[in-house]
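# Architecture at a glance
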Amino acid sequence: MKKLKLSKELLTRIIIYLSIVIIGFILDRLTKAIVVNNLSLYVYKQVEVIPNFLYFTYVKNTGGAWSILSNATWLLAIISVLAVVGISYYLFTKKPNMHYFVAMSLIVSGGAGNLFDRIFYGAVVDFIETYPFGYSFPIFNIADIAIVVGVGFLLLDIAIEEYKTWKLSKSA
């Protein structure tokens, strides 16, 4: 029988990937469980955290961000599965730089958290409601935060790479 030999780099990537995905998933599940077990008891399903700014409001979202594609839970679940599997495959076959790797791992973590809700509850549990500058921002959850932070890191990585390319072209 042939032994599988893992390089130090691959092992490091696996540990980082699993750490980000598992920790993000657990934080998402834990916070959603607390919300479902506690806020569902309230008549208005809302708790004021910071007056006029931050509330915990229990809602079930059958759509995507901003409730786009409402009631398309299974379509969104299929898209989520494809994204999680596709990104994961890419991360281990193309070996992107570590900033990109971490960013995409955060996106997988958030996607997995919301996918779990869609499969097991038929909707995503959202609960963080904010009013920045008096604007009612769409209600979101920890998985959404992981996705947004991942996209932010991804955009930052792209900007840094573009800057490096620009700077090299100026010095040539």
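Quick summary incoming for the structure in this document. If you're wondering where the values come from, they're calculated on a predicted model, not measured in any experiment.

Calculation notes
- Residues numbered from 1 in each chain as written.
- Predicted model: local features only at pLDDT ≥ 70, side-chain atom pairs only at ≥ 80, totals over all residues.
- Heavy atoms only, no water.
- Axes fitted to C-alpha atoms, helices over the stretch in contact; angles between N-to-C directions.
- Helix = DSSP H or I, 4+ residues; strand = E, 2+ residues; numbered from the N terminus.
- Parallel < 35°, antiparallel > 145°, perpendicular 65-115°, else oblique.
- Left-handed = near helix turned anticlockwise from the far one by under 90°.
- Contact = heavy atoms within 4.5 Å.
- Nonpolar A, V, L, I, M, F, W, Y, C, P; charged D, E, K, R; others polar.
- Phe/Tyr/Trp six-rings, centres within 6.5 Å; stacked < 30°, edge-to-face > 60°.
- Buried < 20%, exposed > 50% of the residue type's maximum accessible area, 1.4 Å probe, protein only.
- Expected span 1.5 Å × (residues − 1).
- Polar contact = N/O pair within 3.5 Å; in protein donor to acceptor, adjacent residues only side chain to side chain.
- Salt bridge = Lys/Arg side-chain N within 4 Å of Asp/Glu carboxyl O.

A separate point is the packing of helix 1 (residues 8-39) against helix 2 (residues 73-93). The interhelical angle for the contact between helix 1 and helix 2, taken along N-to-C directions, is 155 degrees, at an axis separation of 10 Å. Taken together, the axis directions place helix 1 and helix 2 in an arrangement best described as roughly antiparallel. In this structure, helix 1 meets helix 2 at a crossing whose hand is right-handed. The segment helix 1 lies against helix 2, with Leu10, Arg13, Ile14 and Tyr17 engaging Ser88, Leu91 and Phe92. Residues belonging to the contact of helix 1 with helix 2 are distributed by class as follows: five nonpolar, one polar and one charged.

Our focus in this paragraph is the packing of aromatic side chains. The relative placement of two aromatic rings is captured by the distance of their centres and the angle of their planes. Evaluated as defined, the whole model comprises twelve aromatic pairs. Judged by centre distance (5.7 Å) and plane angle (90 degrees), the rings of Phe92 and Phe101 are edge-to-face. On the accessibility criterion, Phe101 (0% relative accessible area) is buried. Site record: aromatic cluster; members linked through ring pairs are Phe25, Phe116, Phe120 and Tyr121.

In this model helix 4 (residues 142-171) runs 43 Å from its N-terminal to its C-terminal C-alpha over 30 residues, within 8% of the 44 Å that 1.5 Å per residue would give. Buried within helix 4 we find Ala143, Ala146, Gly150, Leu154 and Asp157. Structurally, helix 4 contributes buried residues whose contacts are with helix 1 and helix 3 (98-121). You can read the cap of helix 4 off the contacts: a side-chain oxygen lies 2.9 Å from the backbone nitrogen of Ala143, and it is on Asn141.

Attention now goes to the pattern of salt bridges. Scanning the model with the defined rule gives five salt bridges in all. Residue Lys32 pairs with Asp28 through a salt bridge whose shortest N-O separation is 2.8 Å. Taken together, the positions of Lys32 and Asp28, both in helix 1 and four residues apart, correspond to about one turn of that helix. Accessibility assignment for this pair places Lys32 and Asp28 in one class, buried. We note a salt bridge from Glu161 to Lys164, for which the minimum N-O separation is 3.7 Å. With Glu161 and Lys164 both in helix 4 and three residues apart, the pair spans about one turn of that helix. On the basis of relative accessibility, which here comes to 33%, the residue Glu161 falls in the partly exposed class. Under the relative-accessibility criterion, Lys164 is labelled partly exposed at 45%. The structure contains a network of salt bridges with shared partners spanning Asp28, Arg29, Lys32 and Asp117.

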